[in-house]
Amino acid sequence: MRTFGIFLGALLLSACGSSQGVAPPDAGGDTGTQAVSGQWIWESNVPAIGQLNAVGASSANDVWAGGDSGRMLHWNGTSWSVADAGTISHIQAIWGASASDVWAAAGGIGGAGAANLVHWNGQAWSAVDPGTSMNLHGIWGSAANDVYASGASGVAGTILHFDGTSWSSLYDGADTSPQAVSGSSASDVWVVGGDFAPSGTQFILHGPASGFSPVTSSATQYLSSVYAGAPNDAWAQGAGGLFHWNGQTWSPTPTALPLGEGTVWGLGPSAVFAVGGDQRIAAWDGKSWTLVHGVPAGAPLYAVGGRDATQLWAVGDDDAILRFDTTVSGTP
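Let me sum up the structure you'll find in this document. Per chain, residues are indexed from 1 in the order of the written sequence. In keeping with the model being predicted, local features are shown solely for residues with a pLDDT of at least 70 and side-chain atom pairs are shown and tallied solely at 80 or more, while totals for entire chains, interfaces and linings include all residues. Side-chain numbers come from the whole structure's heavy atoms, not from hydrogens or water.

**Section: the nonpolar core**
Within soluble globular proteins, side chains that are nonpolar generally end up buried alongside one another.
Turning to step 1, where the next piece is worked out: One finds W103, I139, V147, Y148, W167 and F212 to be the most contacted residues of the largest nonpolar core, which totals 21 residues.
Turning to step 2, where the next piece is worked out: Where helices and strands are cited, they refer to DSSP runs of H or I of at least four residues and of E of at least two residues respectively, numbered from the N terminus. Within the residue set of this core, elements represented by two or more residues are β9 (90-98), β10 (101-107), β13 (135-143), β14 (146-153), β15 (156-162), β18 (188-195) and β19 (202-207).
Turning to step 3, where the next piece is worked out: Excluding its chain neighbours within four sequence positions, the residues that come into contact with F212 are Y148, I159, L170, V189, V191, L205, H206 and G207.
Turning to step 4, where the next piece is worked out: As used here, the term nonpolar core means buried Ala, Val, Leu, Ile, Met, Phe, Trp, Tyr and Cys residues forming a set that is joined through side-chain atoms within 4.5 Å. Classification of residues uses two cut-offs on accessible area relative to the type maximum, computed with a 1.4 Å probe and protein chains only: under 20% is buried, over 50% is exposed, and between them is partly exposed. One finds W265, I281, L301 and V304 within the second-largest nonpolar core, a separate group that totals 17 residues. Contacts are residue-level and defined by heavy atoms, with any inter-residue pair within 4.5 Å sufficient.

**Section: the pairing of strand β22 (residues 233-238)**
One face of the sheet, then the other: side chains in a regular strand alternate in exactly this way.
Turning to step 1, where the next piece is worked out: Counting buried positions along β22 gives six out of six residues, so the element sits mostly inside the fold.
Turning to step 2, where the next piece is worked out: Here β22 shows two buried faces, one formed by D233, W235 and Q237 and the other by A234, A236 and G238.
Turning to step 3, where the next piece is worked out: In terms of strand pairing, strand β21 (residues 223-230) meets β22 through six bridges, oriented antiparallel. Looking across to β22, one finds that Y227 is bridged to W235.
Turning to step 4, where the next piece is worked out: Counting the residues between successive antiparallel strands, the hairpin from β21 to β22 contains two residues. Here a strand pair is declared whenever DSSP counts at least two bridges between the two strands.

**Quick word on the pairing of β19**
Turning to step 1, where the next piece is worked out: With five of six residues buried, β19 is to be regarded as a mostly interior element.
Turning to step 2, where the next piece is worked out: Both β19 and strand β20 (residues 213-214) contribute to a ladder of two bridges, which runs antiparallel. Bridged to H206 within β20 is S213.
Turning to step 3, where the next piece is worked out: Counting the residues in the hairpin turn of β19 and β20 gives five residues, including G211, whose phi is positive at 160°.

**Here's the deal with the sheet that holds strand β27 (residues 281-284)**
Turning to step 1, where the next piece is worked out: Strand order in this open sheet of four strands is β25-β26-β27-β28, and the pairing throughout is antiparallel. Strands with a single pairing partner mark the edges of an open sheet, and in this sheet they are β25 (263-268) and β28 (289-293). Averaged over all neighbouring strand pairs, the angle between strand axes comes to 25°, with direction disregarded.
Turning to step 2, where the next piece is worked out: Pairing of strand β26 (residues 271-275) with β27 involves four bridges; the strand directions are antiparallel. In the strand pairing of β27, V275 is matched with I281. Orientation is described by axes fitted as lines to C-alpha atoms, over the contacting stretch for helices, and by angles from 0 to 180 degrees between their N-to-C directions.

**Focus: the sheet that holds β14**
Turning to step 1, where the next piece is worked out: Spatially, four strands are ordered β13-β14-β15-β16 in an open sheet, and the strand pairing comes out antiparallel. Two strands bound the open sheet, and with one partner strand each, they are β13 and β16 (167-174). On average, each strand axis in the sheet is tilted by 15° relative to the strand beside it, whichever way the strands run.
Turning to step 2, where the next piece is worked out: Direction of pairing for β13 relative to β14: antiparallel, over a ladder of seven bridges.

**Description of the pattern of salt bridges**
Turning to step 1, where the next piece is worked out: Take a side-chain nitrogen of Lys or Arg and a carboxyl oxygen of Asp or Glu: if they are within 4 Å of each other, that pair is a salt bridge. For the structure on display, the rule yields three salt bridges.
Turning to step 2, where the next piece is worked out: When the shortest N-O distance is used, the salt bridge between E43 and R323 registers 2.9 Å. One end of the pair, E43, is in the loop between β4 (39-42) and β5 (52-59); the other, R323, is in strand β31 (residues 321-325), with 280 residues separating them in the sequence.
Turning to step 3, where the next piece is worked out: For E43, a relative accessible area of 6% translates into the label buried.
Turning to step 4, where the next piece is worked out: With a relative accessible area of 22%, R323 lands in the partly exposed category.
Turning to step 5, where the next piece is worked out: Notably, a salt bridge pairs D278 with R280, separated by 2.6 Å at the nearest N-O pair.
Turning to step 6, where the next piece is worked out: Classification of D278 by relative accessible area gives buried; the value is 4%.
Turning to step 7, where the next piece is worked out: Among the charged side chains, a network of salt bridges with common partners joins E43, R323 and D325.

Here it is in C-alpha coordinates:
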(Lines give C-alpha, C1' and ligand atoms only; values in the text may rest on other atoms or scores of the structure.)
Protein backbone atom coordinates (compact mmCIF):
# COMPACT_ATOMS: atom_id res chain seq x y z
CA MET A 1 0.00 0.00 0.00
CA ARG A 2 2.73 2.51 0.87
CA THR A 3 4.22 2.93 -2.58
CA PHE A 4 2.27 6.02 -3.61
CA GLY A 5 4.08 9.16 -4.72
CA ILE A 6 3.23 12.39 -6.52
CA PHE A 7 5.62 13.91 -9.06
CA LEU A 8 7.22 17.03 -7.58
CA GLY A 9 8.57 18.50 -10.79
CA ALA A 10 11.43 20.97 -11.09
CA LEU A 11 10.99 22.84 -7.83
CA LEU A 12 13.65 25.48 -7.23
CA LEU A 13 15.15 24.57 -3.87
CA SER A 14 17.69 26.76 -2.09
CA ALA A 15 20.11 25.43 0.50
CA CYS A 16 19.55 27.52 3.60
CA GLY A 17 18.75 27.32 7.32
CA SER A 18 16.00 25.13 8.76
CA SER A 19 13.49 25.52 11.56
CA GLN A 20 13.49 21.88 12.52
CA GLY A 21 16.02 19.13 12.03
CA VAL A 22 19.80 19.22 11.97
CA ALA A 23 21.16 22.52 10.69
CA PRO A 24 22.81 22.54 7.25
CA PRO A 25 26.44 23.67 7.26
CA ASP A 26 25.44 26.89 5.45
CA ALA A 27 22.62 27.74 7.84
CA GLY A 28 23.48 31.42 7.80
CA GLY A 29 22.73 32.26 4.18
CA ASP A 30 21.48 31.31 0.75
CA THR A 31 23.97 29.55 -1.52
CA GLY A 32 21.81 29.49 -4.63
CA THR A 33 19.15 27.28 -6.13
CA GLN A 34 19.02 24.02 -7.96
CA ALA A 35 16.28 22.29 -9.89
CA VAL A 36 15.40 18.98 -8.28
CA SER A 37 12.75 16.51 -9.39
CA GLY A 38 11.46 13.39 -7.72
CA GLN A 39 8.54 11.91 -5.83
CA TRP A 40 7.30 11.69 -2.27
CA ILE A 41 7.09 7.96 -1.59
CA TRP A 42 6.05 5.93 1.43
CA GLU A 43 8.78 4.34 3.49
CA SER A 44 8.25 0.63 4.01
CA ASN A 45 9.35 -1.58 6.90
CA VAL A 46 8.97 1.20 9.47
CA PRO A 47 8.83 -0.11 13.07
CA ALA A 48 5.30 0.18 14.45
CA ILE A 49 5.62 2.82 17.15
CA GLY A 50 2.54 4.97 16.45
CA GLN A 51 2.33 8.72 16.01
CA LEU A 52 5.40 10.64 14.82
CA ASN A 53 5.54 14.39 15.51
CA ALA A 54 9.02 15.55 14.45
CA VAL A 55 11.77 14.76 11.96
CA GLY A 56 15.30 16.00 11.32
CA ALA A 57 18.28 14.88 9.24
CA SER A 58 22.00 15.59 9.16
CA SER A 59 22.74 13.43 6.11
CA ALA A 60 21.33 10.67 3.94
CA ASN A 61 22.53 8.21 6.58
CA ASP A 62 21.41 10.05 9.70
CA VAL A 63 17.71 10.89 10.16
CA TRP A 64 15.74 11.14 13.43
CA ALA A 65 11.96 10.86 13.76
CA GLY A 66 10.34 11.34 17.18
CA GLY A 67 6.85 10.63 18.41
CA ASP A 68 4.51 10.00 21.29
CA SER A 69 5.63 8.49 24.60
CA GLY A 70 9.29 9.15 23.86
CA ARG A 71 9.39 6.90 20.82
CA MET A 72 12.34 7.65 18.55
CA LEU A 73 13.36 6.18 15.21
CA HIS A 74 16.73 6.44 13.46
CA TRP A 75 17.50 6.00 9.76
CA ASN A 76 21.05 4.90 8.94
CA GLY A 77 20.70 5.10 5.19
CA THR A 78 19.47 1.54 4.87
CA SER A 79 16.82 0.86 7.50
CA TRP A 80 14.82 2.35 10.37
CA SER A 81 15.47 1.21 13.95
CA VAL A 82 14.02 2.09 17.35
CA ALA A 83 16.23 4.21 19.63
CA ASP A 84 16.00 5.02 23.34
CA ALA A 85 15.18 8.74 23.49
CA GLY A 86 15.88 9.11 27.21
CA THR A 87 12.31 10.17 28.00
CA ILE A 88 8.73 8.87 27.99
CA SER A 89 7.30 12.29 27.10
CA HIS A 90 5.97 13.02 23.62
CA ILE A 91 8.75 14.18 21.28
CA GLN A 92 7.49 17.42 19.73
CA ALA A 93 10.45 18.95 17.86
CA ILE A 94 14.02 18.10 16.84
CA TRP A 95 16.94 20.41 16.04
CA GLY A 96 20.68 19.92 16.02
CA ALA A 97 23.90 21.76 15.29
CA SER A 98 25.53 18.59 13.96
CA ALA A 99 25.10 14.81 13.82
CA SER A 100 26.59 14.57 17.32
CA ASP A 101 24.75 17.53 18.84
CA VAL A 102 20.98 17.12 18.54
CA TRP A 103 18.18 18.39 20.81
CA ALA A 104 14.60 17.13 21.14
CA ALA A 105 11.81 19.02 22.93
CA ALA A 106 9.16 16.95 24.66
CA GLY A 107 6.12 17.12 26.93
CA GLY A 108 2.64 15.89 27.63
CA ILE A 109 3.46 13.20 30.18
CA GLY A 110 4.44 13.81 33.79
CA GLY A 111 6.12 11.66 36.39
CA ALA A 112 9.38 9.77 36.59
CA GLY A 113 11.29 9.49 33.35
CA ALA A 114 9.23 12.19 31.64
CA ALA A 115 12.04 14.58 30.72
CA ASN A 116 10.97 17.58 28.66
CA LEU A 117 14.36 17.98 26.96
CA VAL A 118 16.79 15.33 25.71
CA HIS A 119 20.16 15.58 23.95
CA TRP A 120 22.03 13.31 21.53
CA ASN A 121 25.83 13.43 21.81
CA GLY A 122 26.56 11.10 18.93
CA GLN A 123 26.39 7.99 21.12
CA ALA A 124 23.20 8.16 23.20
CA TRP A 125 20.17 10.27 24.10
CA SER A 126 20.07 11.59 27.66
CA ALA A 127 17.75 13.82 29.69
CA VAL A 128 18.76 17.44 30.30
CA ASP A 129 17.24 19.72 32.94
CA PRO A 130 16.42 23.07 31.27
CA GLY A 131 15.31 24.63 34.55
CA THR A 132 11.57 24.19 33.99
CA SER A 133 9.13 21.31 34.12
CA MET A 134 6.82 22.85 31.52
CA ASN A 135 5.93 20.91 28.38
CA LEU A 136 8.28 21.97 25.57
CA HIS A 137 6.88 22.12 22.04
CA GLY A 138 9.50 23.89 19.93
CA ILE A 139 13.27 23.99 19.57
CA TRP A 140 15.62 25.79 17.18
CA GLY A 141 19.11 27.24 17.19
CA SER A 142 21.43 29.35 15.06
CA ALA A 143 24.49 27.51 16.45
CA ALA A 144 25.52 25.01 19.11
CA ASN A 145 25.78 27.85 21.64
CA ASP A 146 22.58 29.65 20.63
CA VAL A 147 19.55 27.36 21.04
CA TYR A 148 15.95 28.24 21.94
CA ALA A 149 13.14 26.12 23.36
CA SER A 150 9.50 27.13 23.81
CA GLY A 151 6.53 25.59 25.57
CA ALA A 152 3.78 25.84 28.14
CA SER A 153 1.94 24.01 30.91
CA GLY A 154 -1.20 24.86 32.80
CA VAL A 155 -1.87 28.54 32.13
CA ALA A 156 1.70 29.79 31.66
CA GLY A 157 4.34 29.60 28.96
CA THR A 158 8.09 29.90 28.69
CA ILE A 159 10.95 30.62 26.28
CA LEU A 160 14.37 29.20 27.17
CA HIS A 161 17.86 29.83 25.81
CA PHE A 162 21.02 27.70 25.77
CA ASP A 163 24.37 29.50 25.51
CA GLY A 164 26.46 26.40 25.01
CA THR A 165 26.86 25.82 28.73
CA SER A 166 23.50 26.20 30.49
CA TRP A 167 19.81 26.89 29.90
CA SER A 168 18.15 30.09 31.18
CA SER A 169 14.67 31.60 31.06
CA LEU A 170 14.06 34.48 28.64
CA TYR A 171 10.30 34.76 28.95
CA ASP A 172 7.59 33.62 31.35
CA GLY A 173 4.07 34.64 30.45
CA ALA A 174 0.82 33.98 32.25
CA ASP A 175 -2.08 32.95 30.00
CA THR A 176 0.25 32.54 27.01
CA SER A 177 1.44 29.37 25.30
CA PRO A 178 4.59 29.65 23.14
CA GLN A 179 4.44 26.75 20.70
CA ALA A 180 7.17 27.01 18.08
CA VAL A 181 10.43 28.84 17.48
CA SER A 182 12.53 29.49 14.38
CA GLY A 183 14.97 32.03 13.04
CA SER A 184 17.09 32.98 10.07
CA SER A 185 20.03 34.04 12.26
CA ALA A 186 20.99 34.81 15.84
CA SER A 187 19.49 38.29 15.44
CA ASP A 188 16.24 37.20 13.79
CA VAL A 189 14.22 34.79 15.97
CA TRP A 190 10.45 34.23 15.96
CA VAL A 191 8.25 32.54 18.57
CA VAL A 192 4.55 31.88 17.87
CA GLY A 193 1.69 30.42 19.86
CA GLY A 194 -1.54 31.53 21.46
CA ASP A 195 -3.33 32.18 24.70
CA PHE A 196 -5.33 29.92 26.97
CA ALA A 197 -8.60 31.84 26.59
CA PRO A 198 -11.56 30.12 24.90
CA SER A 199 -10.97 32.23 21.79
CA GLY A 200 -7.46 30.83 21.43
CA THR A 201 -6.10 34.04 19.96
CA GLN A 202 -2.58 34.06 18.51
CA PHE A 203 0.54 35.83 19.58
CA ILE A 204 3.86 36.40 17.81
CA LEU A 205 7.12 37.41 19.47
CA HIS A 206 10.28 38.57 17.71
CA GLY A 207 13.80 39.24 18.85
CA PRO A 208 17.15 37.80 19.91
CA ALA A 209 18.14 36.46 23.33
CA SER A 210 18.42 40.02 24.66
CA GLY A 211 14.65 40.40 24.60
CA PHE A 212 11.46 39.54 22.71
CA SER A 213 8.84 42.04 21.54
CA PRO A 214 5.26 41.33 20.41
CA VAL A 215 4.37 41.72 16.73
CA THR A 216 0.78 42.08 15.56
CA SER A 217 -0.74 40.11 12.70
CA SER A 218 -4.10 39.48 11.07
CA ALA A 219 -4.18 35.94 12.46
CA THR A 220 -7.05 35.47 14.88
CA GLN A 221 -6.43 31.88 15.95
CA TYR A 222 -3.71 29.84 17.59
CA LEU A 223 -0.39 29.47 15.70
CA SER A 224 1.43 26.16 16.06
CA SER A 225 4.46 26.42 13.74
CA VAL A 226 6.89 28.99 12.35
CA TYR A 227 9.74 29.04 9.84
CA ALA A 228 12.05 31.99 9.13
CA GLY A 229 14.07 31.98 5.91
CA ALA A 230 15.26 35.59 6.04
CA PRO A 231 14.61 38.78 8.05
CA ASN A 232 11.98 39.78 5.49
CA ASP A 233 10.62 36.30 4.81
CA ALA A 234 8.96 34.11 7.46
CA TRP A 235 5.93 31.82 7.63
CA ALA A 236 3.59 30.87 10.49
CA GLN A 237 0.94 28.17 10.43
CA GLY A 238 -2.00 27.49 12.73
CA ALA A 239 -5.70 26.88 13.12
CA GLY A 240 -6.49 29.83 10.86
CA GLY A 241 -4.17 28.81 8.04
CA LEU A 242 -0.79 30.04 6.79
CA PHE A 243 0.60 33.56 7.27
CA HIS A 244 3.59 35.29 5.68
CA TRP A 245 5.97 37.96 7.00
CA ASN A 246 7.42 40.28 4.35
CA GLY A 247 9.57 42.33 6.68
CA GLN A 248 6.75 44.74 7.49
CA THR A 249 3.51 42.84 8.13
CA TRP A 250 2.07 39.36 8.61
CA SER A 251 -0.66 38.53 6.09
CA PRO A 252 -2.72 35.39 5.27
CA THR A 253 -1.67 33.24 2.31
CA PRO A 254 -3.98 30.59 0.83
CA THR A 255 -2.69 27.07 0.22
CA ALA A 256 -4.27 23.79 -0.84
CA LEU A 257 -3.98 22.49 2.73
CA PRO A 258 -6.97 22.20 5.08
CA LEU A 259 -7.19 24.61 8.00
CA GLY A 260 -5.77 23.29 11.25
CA GLU A 261 -2.55 22.82 13.13
CA GLY A 262 0.41 21.69 11.09
CA THR A 263 4.06 22.37 10.41
CA VAL A 264 5.77 24.79 8.06
CA TRP A 265 9.49 24.25 7.41
CA GLY A 266 11.99 25.26 4.78
CA LEU A 267 15.44 25.17 3.25
CA GLY A 268 15.37 28.86 2.42
CA PRO A 269 13.08 31.57 0.99
CA SER A 270 12.59 29.64 -2.27
CA ALA A 271 11.91 26.23 -0.74
CA VAL A 272 9.28 26.07 2.00
CA PHE A 273 7.04 23.09 2.79
CA ALA A 274 3.83 22.77 4.80
CA VAL A 275 1.80 19.82 6.07
CA GLY A 276 -1.18 19.50 8.36
CA GLY A 277 -4.63 17.97 8.71
CA ASP A 278 -4.20 15.13 6.22
CA GLN A 279 -1.56 13.64 3.91
CA ARG A 280 -1.21 16.59 1.56
CA ILE A 281 2.17 18.36 1.24
CA ALA A 282 2.40 21.88 -0.17
CA ALA A 283 5.60 23.53 -1.42
CA TRP A 284 6.53 27.20 -1.93
CA ASP A 285 9.05 27.99 -4.68
CA GLY A 286 9.39 31.69 -3.89
CA LYS A 287 6.38 32.68 -6.01
CA SER A 288 3.47 30.35 -5.29
CA TRP A 289 2.31 27.33 -3.29
CA THR A 290 1.90 24.04 -5.15
CA LEU A 291 0.40 20.79 -3.92
CA VAL A 292 3.22 18.24 -4.30
CA HIS A 293 1.63 15.31 -2.51
CA GLY A 294 -2.14 15.12 -2.73
CA VAL A 295 -3.73 12.50 -0.52
CA PRO A 296 -6.58 14.10 1.48
CA ALA A 297 -7.48 10.88 3.31
CA GLY A 298 -5.63 8.62 5.70
CA ALA A 299 -3.32 9.19 8.64
CA PRO A 300 -2.41 12.90 8.87
CA LEU A 301 1.12 14.24 8.53
CA TYR A 302 2.44 16.31 11.45
CA ALA A 303 5.94 17.41 10.46
CA VAL A 304 8.26 17.92 7.51
CA GLY A 305 12.01 18.39 7.62
CA GLY A 306 15.31 17.38 6.15
CA ARG A 307 18.85 18.28 5.24
CA ASP A 308 18.88 19.72 1.73
CA ALA A 309 16.99 19.60 -1.55
CA THR A 310 17.63 15.87 -1.91
CA GLN A 311 17.02 14.92 1.74
CA LEU A 312 13.39 15.65 2.62
CA TRP A 313 11.10 13.73 4.97
CA ALA A 314 7.50 13.97 6.22
CA VAL A 315 6.12 12.07 9.23
CA GLY A 316 2.74 11.61 10.90
CA ASP A 317 0.24 9.28 12.50
CA ASP A 318 0.30 5.46 12.32
CA ASP A 319 4.05 5.22 11.64
CA ALA A 320 3.66 7.39 8.53
CA ILE A 321 6.98 8.35 6.94
CA LEU A 322 7.39 9.76 3.44
CA ARG A 323 10.73 10.37 1.75
CA PHE A 324 11.43 12.64 -1.21
CA ASP A 325 13.11 10.30 -3.69
CA THR A 326 15.14 12.05 -6.38
CA THR A 327 15.78 8.76 -8.21
CA VAL A 328 12.11 8.48 -9.18
CA SER A 329 10.54 10.74 -11.80
CA GLY A 330 7.50 10.85 -14.04
CA THR A 331 3.89 10.17 -13.20
CA PRO A 332 3.51 7.16 -10.84
